[in-house]
Amino acid sequence: MSSSLRRSVDEIRLAATGRLDSRRRAALGQFMTPSAIADFMTSLYERWPAEIRLLDPGAGVGSLTEAFVRRWAEKAPHNSRLDVTAYEIDPLLIGYLTSHFDELVAEASSWKRDLRYSVIPKDFIVEGSFSAAFRGPRYSHIILNPPYRKIATASDHRRLLSRAGIETVNLYAAFLALSVELCEPGGEIVGIVPRRFCNGTYVRRFREWLLERTSIRHIHVFGSRQKAFQDDEVLQENIIIHLSRDTPRQSSVVSTSTDATFHDLRQLTLPFASIVKPSDPERFIHIPDSPTPATSRLFKYKLSELGLDVATGPVVDFRVREHWLAMPTQNCVPLIYSHHFREGLAWPREHRKPNALALNEETRKWLMPRGWYAVTKRFSSKEEKRRIVAHVVDPTALPGELYGFENHLNVIHKTRIGLTEELARGIAVFLNSTVVDQHFRTFSGHTQVNATDLRSLEFPAIAELVRFGEWAKTRS
């Protein structure tokens, strides 16, 4: 395709985006696909039979379908036929979409190609759920950039999806799941999804559901989330995923590029067991950047195997607001937040949040005993160099026999009590290491670190961690 035509596609996308009501766009979770990303997505398809039935479940102005049509014209046999079904609910976009598709049909006719399309101006969740439940049409190819927002628990969408056997709380997962249900055996799906679905307990059921029905053929990661979708100011990290329906799991391709120009595209082929560990009950989807991740060579113990555990900070501060103390007084306990840690623990600290809790029967149940602990921030800022940021709680720096750990901290402990100094320091040293940061980034694309993520990490033996801690003591 010529550069002038390609600019025209992006100009249509940007013009349509500019005319959309920003509040409605946010409510629908809309952002449209740049042409370079659409081209890359269509390059991932492997099968180009003589008859193709394509589904685009959130078509927008048709950028994804246009890229597919042009790839089809290059790859499919000359006597091939392409039937496109495109869903779009926004009346403004439907006008752009229909006009765009008419132009594509005319162009395909000049190539002696049989292209037909149907634009369905209805809610894909409603129509797709019905079609999935009652064995409606199935598609050989599906391409999607789904909307991103939550689904209310009591909504019609949630009820319809449940009837179709799909349980999810996010629209993107609902679109992807319905696409899988509407894909014929051996069919292919290429979509843009948030990377956060690769880990996290709350989407585990969806991961399990997806992995039971599909094989991951390819995952692409962008090094810069801002540059890949900069026109739409998308801040979350997205990946491109290529799935095939009901096919054997063999190997998967992982590729990376800094941005949507793909000028520095790198890729490697890995066994599926490197992507989803057979022994992992959480079914995390890893995205390694080397054939042998460093942690798989060095470490082999989960926290539970070391006799340790991690707890999310028990104190949810707004629930104990009546017991807040700006500064410690008599009969109180330290209340420790993420902001109390910089280079080390600095408590108390001038802040809009309290530094202490009154000690009484209401607060006592949320407290942990005095001792050494390794803690991590549950949410690291975008400016942090590492995803996991660990610190040590030093009891010599705190008064009293009980502590309150606020909910934005993860606390590593042994049967709800503290650790030895050397072990606490050693765990912090290990978690702050470059090798752990690199490993963590293979399955987490966001700045949140959950207790489940830490339980899934592999640690050195206790003796090794203690040696790290002894070294750290000499530098404290």
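Each value, and the rule that gives it
- Residues numbered from 1 in each chain as written.
- Predicted model: local features only at pLDDT ≥ 70, side-chain atom pairs only at ≥ 80, totals over all residues.
- Heavy atoms only, no water.
- Helix = DSSP H or I, 4+ residues; strand = E, 2+ residues; numbered from the N terminus.
- Buried < 20%, exposed > 50% of the residue type's maximum accessible area, 1.4 Å probe, protein only.
- Contact = heavy atoms within 4.5 Å.
- Areas by Shrake-Rupley, 256 points an atom, 1.4 Å probe, with all protein chains shown as cover.
- Pairing = 2+ DSSP bridges.
- Axes fitted to C-alpha atoms, helices over the stretch in contact; angles between N-to-C directions.
- Core = buried A, V, L, I, M, F, W, Y, C linked by side-chain atoms within 4.5 Å.
- Phe/Tyr/Trp six-rings, centres within 6.5 Å; stacked < 30°, edge-to-face > 60°.
- Salt bridge = Lys/Arg side-chain N within 4 Å of Asp/Glu carboxyl O.
- Polar contact = N/O pair within 3.5 Å; in protein donor to acceptor, adjacent residues only side chain to side chain.
- 1 Å grid on protein atoms, 1.4 Å probe; cavity = no way out; pocket = protein on both sides within 12 Å on 5 of 7 lines; lining within 4 Å.
- Points joined across faces, edges and corners; volume = space filled by probe spheres on them.

Asks: Explain the overall build of the protein chain to me, and be specific about the residues and the numbers.
Replies: The number of helices and strands found in the protein chain is 17 helices and 18 strands. Within the span of the protein chain, comprising 476 residues, buried residues form 55% of the whole. Looking at the protein chain alone, contacts between residues at least 24 apart form 76% of all its contacts between residues at least 6 apart. As displayed, the protein chain has an accessible area near 21,100 Å², and 51% of this comes from carbon and sulfur atoms.

Asks: Which residues make up the sheet that holds strand 8 (residues 251-257), and what are the values?
Replies: Strands in a sheet are paired, the pairing made by backbone hydrogen bonds, and the direction either parallel or antiparallel. Read across the sheet, nine strands follow the order 3-2-1-4-5-7-6-8-9 without closing on themselves; strand pairing throughout is mixed. The sheet is open, and its two borders are formed by strand 3 (114-120) and strand 9 (266-271), each paired with just one other strand. With strand direction ignored, the average angle separating the axes of adjacent strands in the sheet is 15°. Bridge count between strand 1 (residues 51-56) and strand 2 (residues 81-87): six bridges; the pairing is parallel. Residue pairing in the sheet places L54 in a bridge with V84 of strand 2. Contacts between helix 3 (residues 35-43) and the sheet are confined to strand 4 (139-144), strand 5 (183-194), strand 6 (214-222), strand 7 (238-245) and strand 8, with strand 5 contributing the most and set at about 150° to the helix.

Asks: Describe the nonpolar core, naming the residues involved and giving the relevant values.
Replies: W72, L82, F197, I216, I219 and I240 are the most contacted members of the largest nonpolar core, which has 80 residues in total. Counting residues per element, this core draws most heavily on helix 8 (residues 171-181), which supplies nine residues. I216 has contacts with L211, I241, H242, L243, S251, S252, F272, I275 and I285, leaving out every residue within four places of it along the chain. By size, the runner-up hydrophobic cluster in this structure holds 27 residues, among which are F299, L306, L419 and L465.

Asks: So what's going on with the packing of aromatic side chains? Residues and values would help.
Replies: Taken as a whole, this structure holds 14 aromatic pairs when the rule is applied. Summarising the aromatic geometry, the rings of F40 and F262 are spaced 4.4 Å apart at their centres and angled 15° between planes, so their arrangement reads as stacked. Remark: F262 occurs in the loop between strand 8 and strand 9 and F40 occurs in helix 3; sequence separation between them is 222 residues. As far as the burial class goes, F40 and F262 line up, both buried. Relative to F68, the ring of W48 lies with its centre 5.1 Å away and its plane at 40°, an arrangement referred to as tilted. Note that W48 is positioned in the loop between helix 3 and strand 1 and F68 in helix 4 (residues 63-75), a separation of 20 residues in sequence. Here W48 matches F68 in class, with each residue buried. What links up through ring pairs into an aromatic cluster is the set F40, F222 and F262.

Asks: Can you explain the pattern of salt bridges? Please cite residues and give values.
Replies: Summed over the entire model, instances satisfying the criterion amount to 19 salt bridges. One salt bridge connects R70 with E107, and the closest N-O pair in it is separated by 2.7 Å. Of this pair, R70 sits in helix 4 while E107 sits in helix 5 (residues 91-110), and the two are 37 residues apart along the sequence. With a relative accessible area of 13%, R70 lands in the buried category. E107 gets classed as partly exposed once you look at its relative accessible area, which sits at 24%.

Asks: So what about helix 14 (residues 421-431)? Which residues, and what values?
Replies: Across the eleven residues of helix 14, eight count as buried, placing the element largely inside the fold. Every buried residue of helix 14 is listed here: L423, A424, R425, G426, I427, A428, F430 and L431.

Asks: I'd love a proper account of the environment of Y117, names of residues and values included.
Replies: For Y117, the location among the structural elements is in strand 3. Residues Y117 and L55, 62 residues apart in the sequence, show an inter-C-alpha distance of 10.0 Å. For Y117, the residues in contact, after removing those within four places along its chain, are V84, T98, F101, D102 and V105. One polar contact links Y117 to D102, side chain to side chain, over a distance of 2.5 Å.

Asks: Just give me the short version of empty space enclosed by the protein, but keep the residues and values in it.
Replies: Applying the stated criterion to the full structure yields one cavity of 30 Å³ or more. Taken as a whole, the largest cavity holds about 40 Å³ of empty space. Lining the largest cavity are T65, V69, V84, F101, L104, V105, L115, R116 and Y117. Elements with a minimum of two residues in the lining of the largest cavity: helix 4, helix 5 and strand 3.

Asks: How would you sum up unusual backbone geometry? Please name residues and give values.
Replies: Put simply, W347 and P348 share a cis peptide bond, and its omega is -5°. Mapped onto the elements, P348 comes out in the loop between strand 12 (332-336) and strand 13 (356-358). Positioned with a positive phi, D246 is a non-glycine residue whose angle comes to about 55°. Of note, D246 is situated in the loop between strand 7 and strand 8. Relative accessible area serves as the criterion here: at 44%, D246 is assigned to the partly exposed category. In this model, T415 sits at a positive phi of 50°, which is unusual for a non-glycine residue. Residue placement: T415 occurs in the loop between strand 18 (409-413) and helix 14.

Asks: How would you summarise the environment of T258 if you had to cite specific residues and measurements?
Replies: With respect to the helices, strands and loops of the structure, T258 is situated in the loop between strand 8 and strand 9. Among the residues examined, T258 registers a relative accessible area of 26% and is labelled partly exposed. Measuring from C-alpha to C-alpha, the distance between T258 and V221 comes to 8.4 Å, with 37 residues separating the pair along the chain. Separated by 2.5 Å, the side chains of T258 and D264 make a polar contact.

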